Number of protein chains: 2
Amino acid sequence: MDISAVNALSYEDFVNIFGNVVEKCPLITAAVWTSRPFIGLNALEAAINEFIDALPESGKEGILRCHPDLAGRDLHGGALTRESREEQRRAGLDALSSAEASRMARLNEEYKERFGFPFVVCARMNDKASILRELSERCQNERAAERARGIAEVKKICRLRLQGLVLPDAPNKL
Amino acid sequence: MDISAVNALSYEDFVNIFGNVVEKCPLITAAVWTSRPFIGLNALEAAINEFIDALPESGKEGILRCHPDLAGRDLHGGALTRESREEQRRAGLDALSSAEASRMARLNEEYKERFGFPFVVCARMNDKASILRELSERCQNERAAERARGIAEVKKICRLRLQGLVLPDAPNKL
């Protein structure tokens, strides 16, 4: 699909197609439909990022809280969204050793207990080793820094999901 | 569940239980968890309403666009959320005559074409006759007025969904 096809979509089709570029937050996708037409994929991405940035801090935490744990109960229970399942699978999170799985579960709980939202990282830009390392390191951060870091990861995930749905802009628009 | 039990919920359980009090907008529920503890159901409701009111106009339109059509394809295709299905059923929207169904479909399309978001009304406070009458009348409104009206209906729906999940406050807290 190219951007002119995106711009021609009804809000219903737009939300059906792009509603999960930010995990379980179709509200965001549905909101930026108001800003169409977009001159390119980058403009659509920018509209989403601007909407996120304008939310109060509680709203940013709300976005993080809509994300599943990595290698958590939703993966094992088959309850992940299609996008999350594929991303976690590619990163090897469905094939952890028993020791890795225990460590991941313990660190996820520690992270959630400390911050009140889950650890979010762009799984497609990582593998299980780097995810475990980063999770362990980020548990030491301050809450505000982690909230900002989590949102930065949300935007990376969003960019890759968008790129999977829309043809990239021509080079002169990048 | 009383409010002390609500306040004791992890964010995961809170979002699982209350994530659809605003239709398909768990982001909002997840955001207000930051404001706990709530002194009562009214305080929880107020936190949700304040979050909605603080959104830009595009965000309010985004909320409306997360709602299904009344007596629309999601009802007939079995794709409604549990809450919406029950509310539409109670209002008699699953048992329209052929003429009523045609009129509802035509007016829904007219409304969406005019405003760029769907007609939202609190079905539990209406029946099929009053819904059809209101839909017809509201098609004549201005866009800003309809956006505000739709959001007012979202809040009524939210209030009733919350009341179905949490015991009402004691009278001295109302």
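Thresholds, definitions, all that
Residues numbered from 1 in each chain as written. Chains lettered and ligands numbered in written order. Predicted model: local features only at pLDDT ≥ 70, side-chain atom pairs only at ≥ 80, totals over all residues. Heavy atoms only, no water. Helix = DSSP H or I, 4+ residues; strand = E, 2+ residues; numbered from the N terminus. Rg over C-alpha atoms; globule rule 2.2 N^0.38 Å. Buried < 20%, exposed > 50% of the residue type's maximum accessible area, 1.4 Å probe, protein only. Contact = heavy atoms within 4.5 Å. Areas by Shrake-Rupley, 256 points an atom, 1.4 Å probe, with all protein chains shown as cover. Lys, Arg positive; Asp, Glu negative; His and termini not counted. Charge placed at Lys NZ, Arg CZ, Asp CG, Glu CD. Least-squares fit on C-alpha atoms with pLDDT ≥ 70 in both. Buried area = accessible area lost by both parts, 1.4 Å probe. Salt bridge = Lys/Arg side-chain N within 4 Å of Asp/Glu carboxyl O. Domains from an automatic or database assignment. Polar contact = N/O pair within 3.5 Å; in protein donor to acceptor, adjacent residues only side chain to side chain. Axes fitted to C-alpha atoms, helices over the stretch in contact; angles between N-to-C directions. Left-handed = near helix turned anticlockwise from the far one by under 90°. Nonpolar A, V, L, I, M, F, W, Y, C, P; charged D, E, K, R; others polar. Phe/Tyr/Trp six-rings, centres within 6.5 Å; stacked < 30°, edge-to-face > 60°. Lys NZ or Arg CZ within 6 Å of the ring centre and 35° of its normal.

(A) Spotlight on the overall build of chain A. Of regular secondary structure, chain A possesses 10 helices and 0 strands. When the elements of chain A are put in sequence order from the N terminus, they spell out α-α-α-α-α-α-α-α-α-α. Its C-alpha atoms give chain A a radius of gyration of 17 Å, within 12% of the compact-globule value 16 Å for 174 residues. Seen along its three principal axes, the alpha-carbon backbone of chain A occupies a region of about 50 × 35 × 30 Å. Counting the 174 residues in chain A, one finds 54% classified as buried. The contacts of chain A with a sequence gap of at least 6 include a subset with a gap of at least 24, amounting to 69%. In the structure as shown, chain A presents an accessible area of about 7,800 Å², 51% of it carried by carbon and sulfur atoms. In chain A, which carries 25 positive and 26 negative side-chain charges, the distance between the mean positions of the two groups comes to 1 Å.

(B) Inspection of the relation of the copies chain B and chain A at higher detail. The transform that puts chain B on chain A rotates by 180° and translates by 0.0 Å along the axis, for an RMSD of 0.0 Å. Seen this way, the second copy is the image of the first under a two-fold rotation axis. Nearest to the rotation axis, the C-alpha of C25 of chain B is located 3.3 Å from it, this being the minimum over chain B. An overlap of 100% is found between the interface residues of chain B and their copies at the interface of chain A, pointing to a shared contact surface.

(C) Representation of the interface of chain B and chain A. In this complex, chain B contributes 29 residues to the contact, which on the side of chain A involves 29 residues. Buried area between chain B and chain A, summed over both chains or domains, comes out near 2,200 Å², and the portion from carbon and sulfur atoms is 65%. If you sort the residues of chain B by the area they bury against chain A, Y11, L27 and R65 of chain B come out on top, with a joint share of 31%. Summed over the shared surface of chain B and chain A, the result is 2 salt bridges.

(D) Seen up close, the domain arrangement of chain A. Residue and element names in this part refer to chain A. When its domains are assigned, chain A resolves into domain 1 (3-62 + 163-167) and domain 2 (69-152). Contact between domain 1 and domain 2 buries roughly 710 Å² in total, counting both sides, with carbon and sulfur atoms accounting for 49%. Of all residues in domain 1, the largest losses of buried area upon contact with domain 2 belong to N20, E23 and E61, amounting jointly to 56% of the total for that side. Scanning the region where domain 1 abuts domain 2 turns up 3 salt bridges.

(E) Examining the side chain of S130 of chain A more closely. By the secondary structure assignment, S130 of chain A is in helix α9 (residues 128-138). A polar contact is formed between the side chain of S130 of chain A and the side chain of N126 of chain A, at a distance of 2.9 Å.

(F) Highlighting the packing of helix α8 (residues 98-115) of chain A against α9 of chain A. Residues and elements named next belong to chain A. Across the interface, α8 lies against α9 with an axial gap of 10 Å and an inter-helix angle of 35°. The two elements α8 and α9 meet at a crossing, and its hand is left-handed. On the side of α8, the interface is formed by E100, R103, M104, L107, N108, Y111 and F115, while α9 contributes K128, I131, L132, L135, S136 and R138. Within the contact of α8 with α9, the residues separate by chemical class into 7 nonpolar, 2 polar and 4 charged.

(G) Region of interest: the packing of aromatic side chains. In total, this model carries 14 aromatic pairs over all chains according to the counting rule given. An angle of 65° between the planes, with centres 6.2 Å apart, marks the rings of Y111 of chain A and F117 of chain A as edge-to-face. A single burial state applies to Y111 of chain A and to F117 of chain A, both of which are buried. Judged by centre distance (5.8 Å) and plane angle (75°), the ring pair of Y11 of chain B and W33 of chain B falls under edge-to-face. Pair noted here: Y11 of chain B is in helix α2 (residues 11-18) and W33 of chain B is in the loop between α3 (26-32) and α4 (41-54), with a separation of 22 residues, a long-range link. Using a relative accessible area of 4% as the deciding quantity, one classes Y11 of chain B as buried. Assessed through its relative accessible area of 7%, W33 of chain B is described here as buried. An aromatic cluster is defined as three or more aromatic residues linked by ring pairs; in this entry it consists of Y111, F115, F117 and F119 of chain A. Over the aromatic face of W33 of chain A sits the side chain of R36 of chain A, whose NZ or CZ is 3.4 Å from the ring centroid.

(H) Structural detail: the environment of E23 of chain B. Residues and elements named next belong to chain B. By the secondary structure assignment, E23 is in the loop between α2 and α3. In this structure the C-alpha to C-alpha distance between E23 and C158, which are 135 residues apart in sequence, comes to 8.3 Å. Excluding anything up to four places from it in sequence, E23 contacts C66, H67, P68, T81, S84 and R161. At 3.2 Å, the side chain of E23 and the side chain of N20 are in polar contact. Of note is the side chain of E23, whose polar atom sits 3.1 Å from the side chain of S84.

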